[in-house]
Amino acid sequence: MAKITRIKASDGPKEPEETSVPEFSDREARALKKAAEKERKSVKKAEKRKEKIEDREAQGGKKGIGHVLTAPFRYLRDSWREIRQVRWPNRKATWKMVLAIFVYSALFIALIMLLDVFFTWLFNLILK
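About the criteria used
- Residues numbered from 1 in each chain as written.
- Predicted model: local features only at pLDDT ≥ 70, side-chain atom pairs only at ≥ 80, totals over all residues.
- Heavy atoms only, no water.
- Helix = DSSP H or I, 4+ residues; strand = E, 2+ residues; numbered from the N terminus.
- Buried < 20%, exposed > 50% of the residue type's maximum accessible area, 1.4 Å probe, protein only.
- Areas by Shrake-Rupley, 256 points an atom, 1.4 Å probe, with all protein chains shown as cover.
- Phe/Tyr/Trp six-rings, centres within 6.5 Å; stacked < 30°, edge-to-face > 60°.
- Salt bridge = Lys/Arg side-chain N within 4 Å of Asp/Glu carboxyl O.
- pLDDT = per-residue confidence, 0-100.

## Overview of the overall build of the protein
Turning to step 1, where the next piece is worked out: For the protein, the helix and strand inventory stands at three helices and zero strands.
Turning to step 2, where the next piece is worked out: For the protein, the sequential pattern of α-helices and β-strands runs α-α-α.
Turning to step 3, where the next piece is worked out: Of all 128 residues assigned to the protein, the portion counted as buried reaches 0%.
Turning to step 4, where the next piece is worked out: Working note: accessible area of the protein is about 13300 Å², and carbon and sulfur atoms make up 63% of it.

See the structure below:
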C-alpha cells in the first residue's frame, strides 16, 4: 500500500518520505489492464467516428434527392448514438432532482405571490 505524506502550510520544506509502489494481485492487475484496453478502444472508436464525419463534411455530403431521403435516417442514427452516451441518473438521484424542482417552484411561487400582494397594496395606496 502507498504511504501518504501530509504536508501542512506551516511545515517547512521537507524531503518527502519514501513511497512504496502498490502491489496488485494478478486479478487486480488483469482488471486494470482490461480497463485500460477498453478505454483505448473507446478512444480509437471515437477518433474513427470523428474522422468519418470530417471526411463526409470535406466531401460536401450528398446533394439532391438522395440527401433528402437519407438525412432523416442519419439524424435518427446520430441521435441514437448521442442518447447511448448519456449517463442516466438512478432512481434515487432522479427523485432528489424532482424534489429540488418542487421546492424551487414552491419558493418561486411564494415570492411572486408576495410581490403581487405588495404591489397591489402599494398601487391601491397611491391611487386612493
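## Things to note about the packing of aromatic side chains
Turning to step 1, where the next piece is worked out: For the coordinates displayed, the defined rule picks out four aromatic pairs.
Turning to step 2, where the next piece is worked out: Here the aromatic rings of Y104 and F108 are separated by 6.1 Å at their centres, their planes lie at 20 degrees, and the arrangement is stacked. Note that Y104 and F108 are positioned in helix α3 (residues 91-127) at a spacing of four residues, about one turn of the helix.
Turning to step 3, where the next piece is worked out: By relative accessible area, Y104 is classed as exposed at 56%.
Turning to step 4, where the next piece is worked out: With 5.3 Å between their ring centres and 65 degrees between their planes, F118 and F119 make a pair best called edge-to-face.
Turning to step 5, where the next piece is worked out: On the basis of relative accessible area, F118 is assigned to the partly exposed category, the value being 41%.
Turning to step 6, where the next piece is worked out: Taken together, the ring pairs in this structure connect F118, F119, W121 and F123 into an aromatic cluster.

## Let's talk about the pattern of salt bridges
Close approach of charged atoms allows side chains of opposite charge to pair.
Turning to step 1, where the next piece is worked out: All chains considered together, the criterion is met by three salt bridges.
Turning to step 2, where the next piece is worked out: Put simply, E37 and R40 hold a salt bridge, and the shortest N to O gap is 2.7 Å. Taken together, the residues E37 and R40, both in helix α1 (residues 26-59) and three residues apart, mark about one turn of the helix.
Turning to step 3, where the next piece is worked out: The exposure class of E37 is partly exposed, given its relative accessible area of 35%.
Turning to step 4, where the next piece is worked out: The residue R81 makes a salt bridge to D78 at a minimum N-O spacing of 3.9 Å. Of the two residues, R81 and D78 both sit in helix α2 (residues 65-85), three residues apart, roughly one turn of that helix.
Turning to step 5, where the next piece is worked out: Overlapping salt bridges bring together R77, D78 and R81 as one network.

## A few points about the confidence of the model for the protein
Turning to step 1, where the next piece is worked out: For the protein, per-residue confidence averages 84 on the pLDDT scale, and residues scoring 70 or more make up 80% of the total.
Turning to step 2, where the next piece is worked out: By mean pLDDT, the top-scoring element of the protein is α3 (97), and the lowest-scoring one is α1 (84).

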